[in-house]
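# Architecture at a glance
Listed here are the chains, written in short residue letters.
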Amino acid sequence: MDQSLHFVTVATRDLDAARSFYGALGWTAQLDVPGEIVFYRSAAGQLLGFFEESAFARDAGTPDATPATTGLTLSHNVRSRAAVVELVQAMVAAGGTVRKEPQEGEFGGVFHAHVADPNGLVWEVAHNPAWSVRTDGSVDLG
């Protein structure tokens with residue numbers, strides 16, 4: 001298998017809320033099927049999709065299950081501590097809920113916060129001066 005990830009697809013209780021949240025943050029849909037699924041480009045060669053939860057369950061072969069997203073964070077790294085605070089404020093204004101206020105992290109010199117989107121998907125917004133995201137999207141872990 002090629003070491004690559006092309007799609008991250010999340011079961012979503014409220015597709016319209018997801019669409020509104022990510023749209024308010026400036027994300028542009030690559031594919032939007034009302035009532036079913038919306039995909040956003042999250043990195044070069046990668047899409048983040050939000051799939052209406054009952055359709056997600058049918059597609060996964062578990063039509064009677066209620067999908068849940070747990071034990072997962074998506075991380076977005078920014079260039080400064082101030083940018084962490086600014087992005088958290090924008091996410092809250094777009095309908096997100098702060099799970100962890102901007103603060104020093106326990107590990108690796110990171111300053112970060114956790115914000116849940118309207119469907120409970122948790123984003124870590126982080127600044128780590130030892131790490132950087134290059135212009136091509138690759139990550140340098142110092």
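Under an unreviewed UniProt entry, the protein has the name VOC family protein and belongs to Cellulosimicrobium protaetiae.

On to the sheet that holds strand β1 (residues 7–12). Pairing within the open sheet is mixed, and its 4 strands lie in the order β1-β4-β3-β2. Every other strand in the sheet has two partners, leaving β1 and β2 (29–33) as the edge strands with one partner each. Strand-to-strand twist of the sheet, defined as the mean angle between neighbouring strand axes without regard to direction, takes the value 20°. In the sheet, strand β3 (residues 37–43) pairs with strand β4 (residues 46–52) via 6 bridges, with the strands oriented antiparallel. When the sheet's bridge partners are listed, R41 is paired in β4 with L47.

What follows covers the pairing of β4. In terms of burial, β4 is a largely internal element, 5 of the 7 residues being buried. Here 6 bridges tie β1 to β4, and the two strands are oriented parallel to one another. Across the sheet, V10 pairs through a bridge with F50, a residue of β4. Two successive antiparallel strands, β3 and β4, enclose a turn made up of 2 residues, where G45 displays a positive phi of approximately 75°.

Relative to β3, β2 runs antiparallel, the two sharing 4 bridges. Bridge assignment links D32 to a residue of β3, and that residue is V38. Between β2 and β3, which follow one another and run antiparallel, lie 3 residues, and G35 among them has a positive phi close to 80°.

Parsing the protein into structural domains produces domain 1 (1–63) and domain 2 (69–141). Across the boundary between the two partners, domain 1 contributes 14 residues, which contact 13 residues of domain 2. A buried area of about 1000 Å², summed over both sides, lies between domain 1 and domain 2, and 68% of it is on carbon and sulfur atoms. Counting the surface domain 1 buries against domain 2, the share from its top three residues, R13, F21 and L25, is 46%. Taken together, the links from domain 1 to domain 2 amount to 0 salt bridges.

About the cut-offs
- Residues numbered from 1 in each chain as written.
- Predicted model: local features only at pLDDT ≥ 70, side-chain atom pairs only at ≥ 80, totals over all residues.
- Heavy atoms only, no water.
- Pairing = 2+ DSSP bridges.
- Helix = DSSP H or I, 4+ residues; strand = E, 2+ residues; numbered from the N terminus.
- Axes fitted to C-alpha atoms, helices over the stretch in contact; angles between N-to-C directions.
- Buried < 20%, exposed > 50% of the residue type's maximum accessible area, 1.4 Å probe, protein only.
- Domains from an automatic or database assignment.
- Contact = heavy atoms within 4.5 Å.
- Buried area = accessible area lost by both parts, 1.4 Å probe.
- Salt bridge = Lys/Arg side-chain N within 4 Å of Asp/Glu carboxyl O.

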